[in-house]
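Listed below are the residues making up each chain.
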Amino acid sequence: MAKLWAGRTDGTTDRIADDFNSSIRVDQRMYKEDITGSIAHARMLKRQGIIPASATDHIVAGLEGILKDLESGALEIDETAEDIHMFVEEVLTARIGDEGKMLHTARSRNDQVALDTRLYLLNQSKEIRQKILTFIEVLNTSAKTYKDTILPGYTHLQRAQPIMFGHHLLAYANMLVRDYDRLKDCEKRMAVSPIGACALAGTTYPTDRDYEASLLGLPSVSLNSLDAVSDRDFCLELLSACSILMMHLSRFSEELILWSSWEFGFIELSDAYTTGSSIMPQKKNPDMAELIRGKSGRVYGDLMSLLTTMKGLPLAYNKDMQEDKEPVFDAVDTVKMCLDVITPMIETMKVKQENMRSAAQRGFINATDLADYLVTKGMPFRQAYKISGALVARCIETNQILETLPLAEYKAVSDVFEDDLYQAVDLDQAANRRTSKGGTSAQSVDMQTEWFDQLISRLKEDNK
Ligand code: ARG
């Protein structure tokens, strides 16, 4: 079939080249945005007297019909079309005749594709934010349940100090709040209308770009036509936000994998989110968590792919930029799937509080508290640190723990020690003494969950 752009050339290209050039398999998912954008464009053209009112009415009705038929399945997308923009215009013209050809006045596919992609990604970003919010809510609810569940906190994956499991969960909730904010911030720059920039230089027609943008719910328009059609920062920003989000999900997944091992035994994932082995009957594998961890690499790859595509491109539009959609769509699809899996996985996992506690009782994670105890008795911290270290060594030698090492043994090292030292090294008391703002005490976890309660209801309100 001769191309819409036949003119300078005869419009017949090689079949393999055609297929190579086509993006419809990727961009067909933007059909709704393409049609919405075209309806707004036709209305603007009519209002400005650029095309006759009657033609606009036929165009709008035609486009609405196409949308309806695509949604019902009555109209199928022709995968031999060059892209979704060409497809919609071709069907429109086939359905309403020559008036359909007026639609592409004062625009180009260069500004059209930029608009469609922005509209599509705005919705995707909002969807991702919704999912993040649901996840935050699950974490906050769990944090309330486990606000005083002791487990060892780690540095260098070595047992370090006692913390509350609720506190640990809320660390992730904090990361997710930043992810949420980052997306919201991307959306600000995404919601700038490029339409009306046309091919690259603007147009001689008396268009009203602000009006067209307002029909689309976009609060502002781009102020430089070259930038409008060349810019893919909004894709890159979204990809960066998705990459950071995936990094968080990957770290969380890694902990779930560790925690569900025999070696840790801190949690048990629900059967719904694990698989068995085909040969080892005892196995319960955390496949979903591993996949989330693995898919973070894929999303980073999407970011790298588009950064590399954009690098060194001269202004303005270049066909290279058609390669933008595949990675960015892959990233949003992946992120949404991962959030859909990790959220219920956390919600349904069994927390083995006893195992957490017994791990906390080994590893001398109260040694800092012992040193702090000596400091409260007036000893300089460095000296206190040394004495505590010596006592830990003594315990290891004699297979004892600080909680039950006899007072006489303490006194043998320093006569500052009194009976109250046992309160200092008590795990619950040790964790609960960390009342500094943002610390691990149950009281601090309470404050944090209260803060999250307020945040969640505010964000829910914003999203209505
Ligand atoms: N399918 C193209 C893309 O996704 C649309 C823009 C094409 N413009 C052009 N002049 N060839 O980037």
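Residues numbered from 1 in each chain as written. Predicted model: local features only at pLDDT ≥ 70, side-chain atom pairs only at ≥ 80, totals over all residues. Heavy atoms only, no water.

*Asks:* Would you explain the site of the ligand in this entry?
*Replies:* Lining the immediate surroundings of the ligand are Ser23, Asp27, Asp83, His85, Arg109, Asn110, Val113, Tyr317, Gln322 and Lys325. Contacts to the ligand include Lys325, whose side-chain N or O atom sits 2.7 Å from an oxygen atom. When the ligand is considered free in solution it has 340 Å² of accessible area, and contact with the protein chains removes 86% of it. For the shell around the ligand, the element with the most residues is helix H6 (residues 109–145), which contributes three residues. Tallied by class, the residues present in the shell around the ligand amount to two nonpolar, four polar and four charged. (Near = heavy atom within 4 Å. Polar contact = N/O pair within 3.5 Å; in protein donor to acceptor, adjacent residues only side chain to side chain. Areas by Shrake-Rupley, 256 points an atom, 1.4 Å probe, with all protein chains shown as cover. Helix = DSSP H or I, 4+ residues; strand = E, 2+ residues; numbered from the N terminus. Nonpolar A, V, L, I, M, F, W, Y, C, P; charged D, E, K, R; others polar.)

*Asks:* Is there a simple way to explain the pattern of salt bridges in this structure?
*Replies:* In this structure the tally under the stated criterion is 35 salt bridges. Across the pair Asp179 and Arg182 runs a salt bridge, and its minimum N-O distance is 3.2 Å. One end of the pair, Asp179, and the other, Arg182, are both in helix H7 (residues 165–190), three residues apart, so they sit about a helical turn from each other. (Salt bridge = Lys/Arg side-chain N within 4 Å of Asp/Glu carboxyl O.)

*Asks:* Explain the nonpolar core to me, please; I cannot follow it from the model alone.
*Replies:* Side chains of a nonpolar character, in soluble globular proteins, are inclined to be buried together. One finds Leu249 and Phe252 to be the most contacted residues of the largest nonpolar core, which totals 89 residues. Not counting residues up to four positions away in its chain, the partners in contact with Phe252 are Phe135, Leu139, Leu169, Tyr172, Trp259, Ile342 and Ile346. Residues Leu45, Ile51, Ile66 and Leu75 belong to the second largest nonpolar core, which totals 23 residues. (Core = buried A, V, L, I, M, F, W, Y, C linked by side-chain atoms within 4.5 Å. Buried < 20%, exposed > 50% of the residue type's maximum accessible area, 1.4 Å probe, protein only. Contact = heavy atoms within 4.5 Å.)

*Asks:* Please clarify how the packing of aromatic side chains should be interpreted in this entry.
*Replies:* In this description, a pair of aromatic rings is defined by centroid distance and the angle of the planes. All chains considered together, the criterion is met by twelve aromatic pairs. With centroids separated by 4.9 Å and ring planes inclined at 85°, the aromatic side chains of Trp451 and Phe452 adopt a geometry described as edge-to-face. A relative accessible area of 1% means that Phe452 is categorised as buried. Lying over the aromatic face of Tyr211, Arg47 brings its terminal NZ or CZ to 3.9 Å of the ring centre. The ring of Tyr385 carries Arg382 above its face, with NZ or CZ at 5.1 Å from the centroid. (Phe/Tyr/Trp six-rings, centres within 6.5 Å; stacked < 30°, edge-to-face > 60°. Lys NZ or Arg CZ within 6 Å of the ring centre and 35° of its normal.)

*Asks:* In this structure, what is going on with unusual backbone geometry? I would like to understand it.
*Replies:* Excluding glycine, a negative phi dihedral is what most residues carry, and trans is how most peptide bonds are arranged. Note that the residue after Leu315, namely Ala316, is joined by a cis bond; omega there is 0°. In this structure, Ala316 sits in the loop between helix H11 (287–310) and helix H12 (325–348). Located in the positive-phi region is Cys198, a residue other than glycine, with phi close to 60°. Taking relative accessible area as the criterion, Cys198 reaches 6% and is therefore assigned buried.

*Asks:* How should a nonpolar patch on the surface be read in this particular structure?
*Replies:* Taken together, Leu200, Leu226 and Leu315 make up a surface patch of nonpolar side chains, about 280 Å² in accessible area. Tracing the sequence through the fold places Leu200 in the loop between strand E3 (192–193) and helix H8 (209–215). For Leu200, a relative accessible area of 41% gives the class partly exposed. (Patch = residues over 30% accessible without salt bridge, like charges linked within 9 Å, V, L, I, M, F, W, Y side chains within 5 Å.)

*Asks:* Help me understand the pairing of strand E1 (residues 150–155), please; the structure alone is not making it clear to me.
*Replies:* For a regular strand, side-chain orientation follows a simple rule: the groups alternate between the two sheet faces. Strand direction decides the pairing type here: E1 and strand E2 (residues 158–164), joined by six bridges, are antiparallel. Across the sheet, residue Thr155 finds its bridge partner in E2, namely Gln158. Where E1 folds back on E2, the antiparallel hairpin that results is connected by two residues, among which His156 adopts a positive phi of roughly 55°. (Pairing = 2+ DSSP bridges.)

*Asks:* How should I be thinking about H6 in this particular structure?
*Replies:* Side chains of residues three or four places apart in an α-helix project in the same direction, reflecting 3.6 residues per turn. Compared with an ideal rise of 1.5 Å per residue, which puts 37 residues at 54 Å, H6 spans 54 Å between its outermost C-alpha atoms and is within 8% of the ideal. Most of H6 sits inside the fold, with 26 of its 37 residues counted as buried. The distance from a side-chain oxygen at the start of H6 to the backbone nitrogen of Asn110 is 2.8 Å, and the residue carrying that oxygen is Ser108. (Expected span 1.5 Å × (residues − 1).)

*Asks:* Please clarify how the environment of Met102 should be interpreted in this entry.
*Replies:* Relative to the helices and strands, Met102 is located in the loop between helix H5 (84–96) and H6. The spacing of Met102 and Ile51 is 51 residues in sequence and 7.0 Å in space, taken between C-alpha atoms. Once residues within four sequence positions are removed from consideration, Met102 is found in contact with Leu45, Ile51, Pro52, Ala55 and Ile59.

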